[in-house]
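Architecture at a glance
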Amino acid sequence: MTAAGSALWAARAGTAERAVHTRHLRGLWWLPGTRLGVVSWPATWRQRLFVGGWHYWWQAHLMDCLLDAQLRAPAAARRDAVGQLARGIRLRNGNRWTNVYYDDLAWLGLALRRAAAAADVNRTAAVREITARLHAGCTTAGGGGIWWREGDDFKNVPASGPAAILFARSDDAVDQQRAAELAEWIATELVDPSTGLVWDGLRVDPDGSIRTKEKSVYSYCQGVYLGACVELATLTGDAVWLRRAARTVSAVVEHLVDGDGVLRSGGGGDAGLFTGILCRYLALAAVELPATEQATRRLAARLVLAAAQAAWQHRSIAVGGPVFGDDWSTPTAPPPDSPRDLSVQLAGWMLCEAAALVERRAPSLG
C-alpha cells in the first residue's frame, strides 16, 4: 500500500460516520446530555421520538462504531457522544441497563467495557451488573452455553459468543474460564463437523437434554465464535484456539462469499447488522492473531477489504453522505428506495472501520 493510499479507509470510515451522525443521531426526548440512534431514515415521528421499537442492541453497536472511530481519530466531541449515548440507552431502557435478552446484554457489555479504555467513559457498575446477569444465564442445561432470553428453551451462539468475548476480556480468572467453557460448548455442540460453519443454537428440554439443534447459518455467528477464539488464543496461548480460528475463517471463505469473493449480506432489520459483525471480528483476527498465523490473518484481511470495496463501490449518495445497501455486491438504490434501517448503515460504517483497522495495523496483509 502506498503512503498516499495509507489512509484511504480511514477517510471513508470518517465519511460513513458523518452520514450516520447526520441522519440518525438525536437527543432523547430533548433531554440534555443524551443521544440515541433513530432506527430509520427518513424517520416517522414515532421513530424520531423513540416511541415503540428503539432496538437496544442496535444502540450497542452504534456505540461500538463510535469507539472504533475514536480509536481511529481521537476527538473530545466523539468521546462526549459515547457518554451521551450511554446515558440515552439507560434512560430509554427505563432507567436501567438490563433487559430479558442475554444477547442484548452481552453486546452492550462489550461496548461499555470498550468505552472505558477507548473514550474514558467509565460505566463500571453497569458492566458489573450486565456481567452478573450473564452469569445467571450460564447453566449446564444443553451441555452449557447461555440462554437467548430469560425463561426460554433456546441457547444460542448470538448470546454465548459475545458473552465469551466479554468474559475473556475480563481481569477475573473465573470469567476467563467461563469464556473458555462457552467457546468450548459452541465448538462441541454447534460447529458443523463437515463444513466448519457455526450453527445458530439448540432447544433444551426441561430435564436439560438437547431436543433439537437449529442449524441455520448466520454470518454473525461465525463472527462472534471467531472473536472468542481470537481472544482465547491471546489469553491462553493454547494452539487449539488458533486452529479453530483458522478453520472458521476458511469455512467463511469456502461457504459464505459470492463468486467475486465478497461476503454475502442481505436483509434489513436485525439481519442488517449480521455481516458487519462478522467483518469486525475478521479484522480483529487479521490484526491480533500471532505472526505464525499469517495465512489466516491474510485471508481475514482480504475478506474485509473485498467486502469494504464492494460496499463502497455500490453505495448511493444522499444528503449527509453515503447510503449503504443491504447487499454489498449490488448497487444501492438511491433514496427513497435505498435501505432505511439504521442497522444497515451501521454495518456499512462498521465495515469501513474494520477496513481502516486492517489498513492501520496490518497494511501488508491487504
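Please refer to the structure placed before this passage.
Everything numeric in this text was worked out from a predicted model, so none of it was measured. (Residues numbered from 1 in each chain as written. Predicted model: local features only at pLDDT ≥ 70, side-chain atom pairs only at ≥ 80, totals over all residues. Heavy atoms only, no water.)

This part is about the overall build of the protein. Each helix and strand counted, the protein has 13 helices and seven strands in total. Since a compact globule built from 366 residues should have a radius of gyration of about 21 Å, the 19 Å found for the protein is in line with a globular shape. Each of the three principal axes of the protein carries a C-alpha extent, and together these read 55 × 50 × 35 Å. Approximately 14300 Å² of the protein is accessible, and the part contributed by carbon and sulfur atoms is 52%. Taking the average place of the 39 positive charges on the side chains of the protein and the average place of its 36 negative ones, the gap between the two points comes to 7 Å. (Helix = DSSP H or I, 4+ residues; strand = E, 2+ residues; numbered from the N terminus. Rg over C-alpha atoms; globule rule 2.2 N^0.38 Å. Areas by Shrake-Rupley, 256 points an atom, 1.4 Å probe, with all protein chains shown as cover. Lys, Arg positive; Asp, Glu negative; His and termini not counted. Charge placed at Lys NZ, Arg CZ, Asp CG, Glu CD.)

Right, let's get into the side chain of Asn93. On the secondary structure map, Asn93 appears in the loop between α4 (76-92) and α5 (102-119). For Asn93, a relative accessible area of 8% translates into the label buried. With residues near it in sequence (within four places) discarded, Asn93 still touches Trp54, Tyr56, Thr98 and Asn99. (Buried < 20%, exposed > 50% of the residue type's maximum accessible area, 1.4 Å probe, protein only. Contact = heavy atoms within 4.5 Å.)

Right, let's get into the pattern of salt bridges. Tallying each qualifying case throughout the model produces 18 salt bridges. Here Asp152 ties to Arg203 by a salt bridge, and the two come within 3.5 Å at their closest N and O atoms. Of this pair, Asp152 sits in the loop between α6 (124-137) and β3 (154-156) while Arg203 sits in strand β4 (residues 199-204), and the two are 51 residues apart along the sequence. Shared partners join several salt bridges into a network, and the residues in it are Arg149, Asp152, Asp153, Arg203, Asp205, Arg211 and Glu214. (Salt bridge = Lys/Arg side-chain N within 4 Å of Asp/Glu carboxyl O.)

Turning next to helix α3 (residues 56-72). For α3, which comprises 17 residues, the first-to-last C-alpha distance of 25 Å matches the rise-based estimate of 24 Å (1.5 Å per residue) to within 8%. The buried count for α3 comes to 16 of 17 residues, which makes it a mostly enclosed element. (Expected span 1.5 Å × (residues − 1).)

Time to look at the sheet that holds β3. Spatially, β3-β4-β5 is the arrangement adopted by the three strands of the open sheet, whose pairing is antiparallel. Strand pairing shows two members of the sheet lacking a second neighbour, β3 and β5 (210-217), which therefore form its edges. Within the sheet, the average angular offset between the axes of one strand and its neighbour, ignoring direction, is 20°. Its contacts with the sheet put helix α8 (residues 173-189) on β3, β4 and β5, and the angle it makes with β4 is roughly 90°. (Pairing = 2+ DSSP bridges. Axes fitted to C-alpha atoms, helices over the stretch in contact; angles between N-to-C directions.)

Attention now goes to helix α1 (residues 8-24). Given a rise of 1.5 Å per residue, 17 residues ought to cover 24 Å, and the 24 Å separating the end C-alpha atoms of α1 matches this to within 8%. Looking only at α1, the buried set comprises Trp9, Arg12, Ala13, Gly14, Ala16, Glu17, Ala19, Val20, Arg23 and His24.

This brings us to the pairing of β5. The side chains of a regular strand alternate between the sheet's two faces. Two strands pair when backbone bridges link them, and β4 and β5 are joined in this way by five bridges, in the antiparallel orientation. By the bridge assignment for β5, Val204 is matched with Ile210. Where β4 hands over to β5, the hairpin turn is made up of five residues, of which Gly208 adopts a positive phi near 90°.

The next point concerns the packing of aromatic side chains. Using the criterion set out here, one finds 10 aromatic pairs in the structure. On the basis of an interplanar angle of 65° and a centroid distance of 5.4 Å, the ring pair of Tyr101 and Trp148 is categorised as edge-to-face. Note that Tyr101 is positioned in the loop between α4 and α5 and Trp148 in the loop between α6 and β3, a separation of 47 residues in sequence. Judged by its relative accessible area of 25%, Trp148 falls in the partly exposed class. Ring geometry for Tyr220 against Phe274: centres 3.9 Å apart, planes inclined by 5°, an arrangement best described as stacked. On the criterion of sequence distance, the pair formed by Tyr220 in helix α9 (residues 219-236) and Phe274 in helix α11 (residues 274-288) is long-range, its members being 54 residues apart. When sorted by exposure, Tyr220 lands in the same class as Phe274, which is buried. An aromatic cluster is defined as three or more aromatic residues linked by ring pairs; in this entry it consists of Trp57, Trp107, Tyr218, Tyr220 and Phe274. Between the NZ or CZ atom of Arg46 and the centre of the ring of Trp45, over which it lies, the distance is 5.9 Å. Over the ring of Phe154 we find Arg203, and its NZ or CZ is 4.3 Å from the ring centre. (Phe/Tyr/Trp six-rings, centres within 6.5 Å; stacked < 30°, edge-to-face > 60°. Lys NZ or Arg CZ within 6 Å of the ring centre and 35° of its normal.)

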